[in-house]
Amino acid sequence: MASSQKSSAWKYFDKVNENTVKCKICAVQLNYHKSTTGMLTHLKAKHPSVTLATTEKERGPQQTAIASFAVRPRQCDNVRAEKTSALIANMVAKDMLPISFVEGEGFRELMKFVEPEYTVPARKTITTQL
């Protein structure tokens, strides 16, 4: 394979002249215009058992999947959970909220949304942190 022929399609085609290539499998001749797209299309349509570009080096750089840009949910580890509990206790004290506030349905829904893996402590736990 010549250095200018990098596509794996060249394993299955010979260049007849500047504008024509010939399939080594079925001997059909295709127009060639400095692109292997037609050859690859031919191989996929007429010879589906042919495996193309099996290694990353043969495929070349690939486009990054959009899913890889999605934000991964973070884990609520012990350090984060303790900091969150301390901040809740601080909020109860600063805003002079009743300690039973931490057991309210609305507050628990909010915390479930903000930090899904965090377990809101009971009011007894908050009382010990005040």
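The structure this text deals with has already been given above.
Below is a summary of the structure that appears in this document. (Residues numbered from 1 in each chain as written. Predicted model: local features only at pLDDT ≥ 70, side-chain atom pairs only at ≥ 80, totals over all residues. Heavy atoms only, no water.)

### Examining the overall build of the protein
So, point 1. Looking only at helices and strands, the protein has five helices and three strands in total.
So, point 2. Counting across all 130 residues of the protein, residues that qualify as buried make up 25%.
So, point 3. For the protein, contacts bridging at least 24 residues in sequence account for 39% of all contacts bridging at least 6.
So, point 4. As presented, the protein carries roughly 9800 Å² of accessible surface, and 55% of it is formed by carbon and sulfur atoms. (Helix = DSSP H or I, 4+ residues; strand = E, 2+ residues; numbered from the N terminus. Buried < 20%, exposed > 50% of the residue type's maximum accessible area, 1.4 Å probe, protein only. Contact = heavy atoms within 4.5 Å. Areas by Shrake-Rupley, 256 points an atom, 1.4 Å probe, with all protein chains shown as cover.)

### Comments concerning the pattern of salt bridges
So, point 1. Overall, the coordinates contain five salt bridges when judged by the stated rule.
So, point 2. Among the ionic pairs, E18 bridges to K15, the shortest N-O distance being 3.9 Å.
So, point 3. K15 sits in the partly exposed class, given a relative accessible area of 38%.
So, point 4. With a closest N to O distance of 2.7 Å, R80 and E115 form a salt bridge. Residue R80 is found in helix 3 (residues 78-94), and its partner E115 is found in the loop between helix 4 (105-114) and helix 5 (123-129); the two are separated by 35 residues along the sequence. (Salt bridge = Lys/Arg side-chain N within 4 Å of Asp/Glu carboxyl O.)

### Points about unusual backbone geometry
So, point 1. Within the chain, A27 stands out as a residue other than glycine whose phi angle is a positive 70°.
So, point 2. Inspection of the secondary structure puts A27 in the loop between strand 2 (20-23) and strand 3 (29-31).
So, point 3. The residue K34 is not glycine, and still its phi comes out positive at about 65°.
So, point 4. Structurally, K34 can be placed in the loop between strand 3 and helix 1 (37-46).
So, point 5. According to the relative accessible area criterion, K34 is exposed, its value standing at 64%.

### Considering the packing of aromatic side chains
So, point 1. In total, this model carries two aromatic pairs according to the counting rule given.
So, point 2. On the numbers, 5.4 Å between centres and 75° between planes, the contact of W10 with Y32 is edge-to-face. One end of the pair, W10, is in the segment before strand 1 (13-17); the other, Y32, is in the loop between strand 3 and helix 1, with 22 residues separating them in the sequence.
So, point 3. A relative accessible area of 7% places W10 in the buried class.
So, point 4. Residues F101 and F107 carry aromatic rings whose centres are separated by 4.9 Å and whose planes lie at 45° to one another, so their mutual orientation is tilted. (Phe/Tyr/Trp six-rings, centres within 6.5 Å; stacked < 30°, edge-to-face > 60°.)

### Here's the deal with the nonpolar core
So, point 1. Listed in full, the eleven residues of the largest apolar core are C76, A81, I88, A89, V92, V102, F107, M111, Y118, V120 and I126.
So, point 2. Taken together, the elements giving at least two residues each to this core come down to helix 3 and helix 4.
So, point 3. For this core, the element with the highest residue contribution is helix 3, accounting for four residues.
So, point 4. Once residues lying within four places of it in the same chain are set aside, the contact partners of C76 are A81, E115, E117 and Y118. (Core = buried A, V, L, I, M, F, W, Y, C linked by side-chain atoms within 4.5 Å.)

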